[in-house]
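Spelled out, the chains give:
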Amino acid sequence: KATCADPGPMSDTHLSDISFTHLHLPESLARGIADAGFERCTPIQAQTLPRALAGFDIAGQAQTGTGKTAAFLVAMYSNLLRKEAPADRPVNAPRALIIAPTRELAVQIHHDAEILGQYTGLTLGLAFGGVDYEKQRRILEEGVDVLIGTPGRLIDHMERRSVDLSAVEFLVLDEADRMLDMGFLPPLRRILAALPRERQTLLLSATFSKEVTSLSGQFTRNPVTVDVSS
C-alpha cells in the first residue's frame, strides 16, 4: 500500500504491526484512511499517533516518504473531530494550522488532507505566494477549519486581517529544518506570537540541529521526541 506523499508502494518490511483500526479513530476519518489504502502504520505513524492522539506535543525526526504527513493529518483530524468547535470562534479563525516551507509541499499536504478528511466535514484552505491573493483572501475570510500555508503568505494574510489565528487548537510545523535554512525564523516567531498558548503542536524535521531544537523549545511544550531518521 502507498502512503500519502510517498512516491510509490511501501514494502511490508517497512510497516509496523500497528493497524489503523486499533487506534479507535472517528468513523468519518477511518473511512478516509480506508479509501487511501492504509492498513498498517509506518514506523513514524506507529510511534507518533498514540502519543499525539493522547494530546501530547511531538518533536519528530523523519525523512520525506516515511508517512509523516499522514501521521500529523490523522492526529489533527482525530483531535478536531473529538472536540466541539468553540461557539465564539471568529468566522475567519481556523482551528488547525499547518506550516510548510514551500508552496509545493503545502499543495501536497492539502491533497493528502483532502483524501484523508473527505468524510469529516472539515474544510481546508491554502495560503502561499505566487497565485491570486484575492481569491485566497475571500476563502479565508469565509472561514476554513484547517489552514495550510507558507510563512510569508501567512504573515500577509495576518497583516490584512483576512485570517485570525487566535483560535488555533492544533499546529504543525513540517520540515522545520528547511524553514530555518530558508530564513523563515522571523515570520515563524510572528506567527507564534499570534497563536494561543493552549494548543497542541507537532514539529517534524529531517534533521535536529541546535537551531531546530531551539525552535522546538519555542513552539512546543514538553514534547515527546520521536526519531525514525534511520
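What follows is about the side chain of N79. Examined against the element boundaries, N79 turns out to sit in helix 3 (residues 68-81). Polar contacts involving the side chain of N79 include one to the main-chain carbonyl oxygen of A52, which spans 3.1 Å. Separated by 2.7 Å, the side chains of N79 and Q200 make a polar contact. Look past the residues within four positions of N79 in its chain and what remains in contact with it is A52, L53, F170 and Q200.

This part is about the pattern of salt bridges. Summed over the entire model, instances satisfying the criterion amount to 11 salt bridges. Ionic pairing is found between K68 and D174, a salt bridge with its closest N-O pair at 2.7 Å. Of this pair, K68 sits in helix 3 while D174 is found in the loop between strand 5 (170-173) and helix 7 (176-181), placing the two residues 106 residues apart along the sequence. Here K68 and D174 have matching classes, each one buried. Put simply, E169 and K83 hold a salt bridge, and the shortest N to O gap is 3.4 Å. Here E169 is found in the loop between helix 6 (151-159) and strand 5, whereas its partner K83 is found in the loop between helix 3 and strand 2 (96-99), with 86 residues between them in sequence.

Next up on the list: the packing of helix 1 (residues 27-35) against helix 3. With their axes 9 Å apart at the nearest point, helix 1 and helix 3 run at an angle of 160° to one another. When the interaxial angle is binned, helix 1 and helix 3 end up roughly antiparallel. For the pair helix 1 and helix 3, the crossing hand works out as right-handed. Side by side, helix 1 and helix 3 meet where S28, L29 and I33 of the first sit next to V74, Y77, S78 and L81 of the second. Considering only residue class, the contact of helix 1 with helix 3 consists of five nonpolar, two polar and no charged.

Counting buried positions over the six residues of strand 6 (residues 200-205) gives six, a clear majority of the element. Side chains Q200, L202 and L204 project from strand 6 onto one buried face, and the interleaved T201, L203 and S205 project onto a second face that is buried too. Two elements, strand 1 (residues 58-61) and strand 6, share four bridges in a ladder whose sense is parallel. Pairing of G60 across the sheet is with L204, part of strand 6. Direction of pairing for strand 5 relative to strand 6: parallel, over a ladder of four bridges. Within strand 6, the residue paired with V172 across the bridge is L202.

Even without a glycine there, the phi angle at R161 is positive, about 60°. Structurally, R161 can be placed in the loop between helix 6 and strand 5.

Pairing is parallel in the open sheet, where seven strands are placed in the order 3-4-2-5-6-1-7. Among the strands making up the open sheet, the edge pair consists of strand 3 (124-127) and strand 7 (224-227). Sheet twist, expressed as the average angle between the axes of neighbouring strands with direction ignored, equals 15°. Bridging between strand 1 and strand 7 involves four bridges; their strand directions are parallel. In the sheet register, G60 faces strand 7, and the bridge partner there is V226.

Now for the packing of helix 2 (residues 43-53) against helix 3. Two packed helices can be described by the angle between their axes and the distance between those axes. In the contact formed by helix 2 and helix 3, the axes pass within 9 Å of each other and the chain directions differ by 20°. With respect to their mutual orientation, helix 2 and helix 3 come out roughly parallel. In this structure, the crossing between helix 2 and helix 3 has a hand that is right-handed. Contact residues: helix 2 offers I44, Q45, T48, L49, A52 and L53, while helix 3 offers K68, A70, A71, V74, A75, S78 and N79. Residue classes in the contact of helix 2 with helix 3 are distributed as eight nonpolar, four polar and one charged.

On to the packing of aromatic side chains, then. Enumeration over the complete set of coordinates arrives at one aromatic pair. Just above the ring of Y119 sits the side chain of R31; from NZ or CZ to the centre is 3.7 Å. Positioned above the aromatic ring of Y133, the side-chain terminus of R160 is 4.3 Å from the ring centre.

What counts, and where the lines are drawn
Residues numbered from 1 in each chain as written. Predicted model: local features only at pLDDT ≥ 70, side-chain atom pairs only at ≥ 80, totals over all residues. Heavy atoms only, no water. Helix = DSSP H or I, 4+ residues; strand = E, 2+ residues; numbered from the N terminus. Polar contact = N/O pair within 3.5 Å; in protein donor to acceptor, adjacent residues only side chain to side chain. Contact = heavy atoms within 4.5 Å. Salt bridge = Lys/Arg side-chain N within 4 Å of Asp/Glu carboxyl O. Buried < 20%, exposed > 50% of the residue type's maximum accessible area, 1.4 Å probe, protein only. Axes fitted to C-alpha atoms, helices over the stretch in contact; angles between N-to-C directions. Parallel < 35°, antiparallel > 145°, perpendicular 65-115°, else oblique. Left-handed = near helix turned anticlockwise from the far one by under 90°. Nonpolar A, V, L, I, M, F, W, Y, C, P; charged D, E, K, R; others polar. Pairing = 2+ DSSP bridges. Phe/Tyr/Trp six-rings, centres within 6.5 Å; stacked < 30°, edge-to-face > 60°. Lys NZ or Arg CZ within 6 Å of the ring centre and 35° of its normal.

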